[in-house]
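Structure assessment
Each chain, written out:
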Amino acid sequence: MIKWFIAILGYVFFRFPGAVLGFIIGSLLDSTTVKTSGGFKTVFSQQPKVTPADFELNLLSLSSIVIKADGSVNQKELDYVRRYFVSAYGKERANATFRTFNEIIKNREVSAQRVCMYISQHTRYPARLQILHFLFGIANADGSVSASEAEEIQKIAGFLRINFRDFESIKAMFFKTGDQAYKILEIEKTATDAEVKKAFRTMAKKYHPDKVQHMDEIHIKGAEAKFREVQKAYDQIKKERDMN
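The shown structure was predicted, so the numbers you read here are calculated from the model rather than taken from an experiment.

Describing the overall build of the chain
From N to C terminus, the chain includes 11 helices and 2 strands. The order of α-helices and β-strands along the chain, N terminus first, is α-β-β-α-α-α-α-α-α-α-α-α-α. The buried share of the chain, taken over its 244 residues, is 45%. Summarising the internal contacts of the chain: among those between residues at least 6 apart in sequence, 69% fall at separations of at least 24.

Re the nonpolar core
Within the largest apolar cluster, 60 residues are counted, with the highest numbers of intra-cluster contacts made by Leu 62, Leu 135, Ile 156 and Leu 185. Non-local contacts of Leu 185, meaning those with residues more than four positions away in its chain, are made with Val 196, Ala 199, Phe 200, Met 203, Val 230, Ala 233, Tyr 234 and Ile 237.

As for the packing of helix α6 (residues 125–139) against helix α7 (residues 147–159)
Two quantities define a packed helix pair, namely the angle between the helix axes and the distance between the axes. In the contact formed by α6 and α7, the axes pass within 10 Å of each other and the chain directions differ by 165 degrees. The angle between the axes of α6 and α7 places the two elements in the roughly antiparallel class. Viewed along their axes, α6 and α7 form a crossing whose handedness is right-handed. Facing α6, whose interface residues are Leu 132, Leu 135, Phe 136 and Ala 139, α7 presents Glu 149, Ile 153, Ile 156 and Ala 157.

As for the packing of helix α3 (residues 75–89) against α6
Axis separation between α3 and α6 bottoms out at 8 Å; the angle between their running directions is 140 degrees. Considering their axes alone, α3 and α6 lie oblique with respect to each other. Contacts from Glu 77, Tyr 80, Val 81 and Tyr 84 in α3 reach Phe 134, Gly 137, Ile 138 and Ala 139 in α6. Residues that form the contact of α3 with α6 fall into these classes: 6 nonpolar, 1 polar and 1 charged.

Brief notes about the side chain of Thr 123
Secondary-structure assignment places Thr 123 in the loop between α5 (112–122) and α6. A polar atom in the side chain of Thr 123 sits 2.7 Å from the backbone oxygen of Ile 119.

Considering the packing of aromatic side chains
Going through the model one piece at a time under the given rule, you end up with 6 aromatic pairs. Plain terms: the ring middles of Tyr 80 and Phe 134 are 6.0 Å apart, the flat faces sit at 35 degrees to each other, and that makes the pair tilted. Taken together, the residues span a long stretch of sequence, with Tyr 80 in helix α3 and Phe 134 in helix α6 at a distance of 54 residues. According to the relative accessible area criterion, Phe 134 is buried, its value standing at 5%. Relative to Tyr 234, the ring of Phe 200 has its centre 4.1 Å away and its plane inclined at 10 degrees; by these criteria the two rings are stacked. With Phe 200 in helix α10 (residues 193–206) and Tyr 234 in helix α11 (residues 217–241), this residue pair connects regions lying 34 residues apart in the sequence. Like Tyr 234, Phe 200 is buried. Taken together, the aromatic side chains of Phe 136, Phe 164, Phe 167 and Phe 174 make up a single cluster linked through ring pairs. Sitting above the plane of the Phe 175 ring, Lys 171 keeps its charged end 5.4 Å from the centroid.

As for the pattern of salt bridges
Scanning the entire structure with this criterion turns up 4 salt bridges. We note a salt bridge from Lys 155 to Glu 152, for which the minimum N-O separation is 4.0 Å. One end of the pair is Lys 155 and the other is Glu 152, both in helix α7 and 3 residues apart, which spans about a single turn. The class of Lys 155 is partly exposed, set by a relative accessible area of 41%. Owing to a relative accessible area of 23%, Glu 152 belongs among the partly exposed residues under this scheme. With its nearest N and O atoms 2.8 Å apart, the salt bridge here joins Asp 193 to Arg 241.

Cut-offs used in this document
- Residues numbered from 1 in each chain as written.
- Predicted model: local features only at pLDDT ≥ 70, side-chain atom pairs only at ≥ 80, totals over all residues.
- Heavy atoms only, no water.
- Helix = DSSP H or I, 4+ residues; strand = E, 2+ residues; numbered from the N terminus.
- Buried < 20%, exposed > 50% of the residue type's maximum accessible area, 1.4 Å probe, protein only.
- Contact = heavy atoms within 4.5 Å.
- Core = buried A, V, L, I, M, F, W, Y, C linked by side-chain atoms within 4.5 Å.
- Axes fitted to C-alpha atoms, helices over the stretch in contact; angles between N-to-C directions.
- Parallel < 35°, antiparallel > 145°, perpendicular 65-115°, else oblique.
- Left-handed = near helix turned anticlockwise from the far one by under 90°.
- Nonpolar A, V, L, I, M, F, W, Y, C, P; charged D, E, K, R; others polar.
- Polar contact = N/O pair within 3.5 Å; in protein donor to acceptor, adjacent residues only side chain to side chain.
- Phe/Tyr/Trp six-rings, centres within 6.5 Å; stacked < 30°, edge-to-face > 60°.
- Lys NZ or Arg CZ within 6 Å of the ring centre and 35° of its normal.
- Salt bridge = Lys/Arg side-chain N within 4 Å of Asp/Glu carboxyl O.

Structure follows, in structure tokens:
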């Protein structure tokens, strides 16, 4: 495949950084090329998901951006990423993946826009929401999400074409504020009871785990966690308003 050829070529000339960049560029070329009876032609890919290797590399790249956002590499955040990959792929594969991750952390500046462009072309919107939730989880691994981390994740959300209200909803799951429950449901505190109920139905449908069944088990669990946050926010509002 094109991506592997370019990755090898990049490694020959620029070592590991060249290999990573080559892989990403090659993946983009692969995604827009299909075979026909007369040869190859370029088209826009309609594939809804990436291969496991593609997904891992791009997710590692975005993870590195979040971890380095506040100017230091926090061990708790690294451990969070490691636990994710152990849970998703097993210890042996996770160890190999994490060696690649260490190289990205130490040796490479990642273009969030380029990585997100690739992910956006190959994943459905609910999957991108789950990626955003995972990135906030990394930032929160040390107990809180810093302003610089939140800013970087917001940039990534924009590149992933996630609308602002959805970004604010997921962000609210990690920030305790007076209107946290309302932000999670993407409504104002002035919303009527009927609007609250409608918002809950909409958000429950949006964040239902069935939306990410095409992804790996760890992301399905993450979707379940988001779904619980939506239910928790709704229950809190119902209690505050004494709603039936």
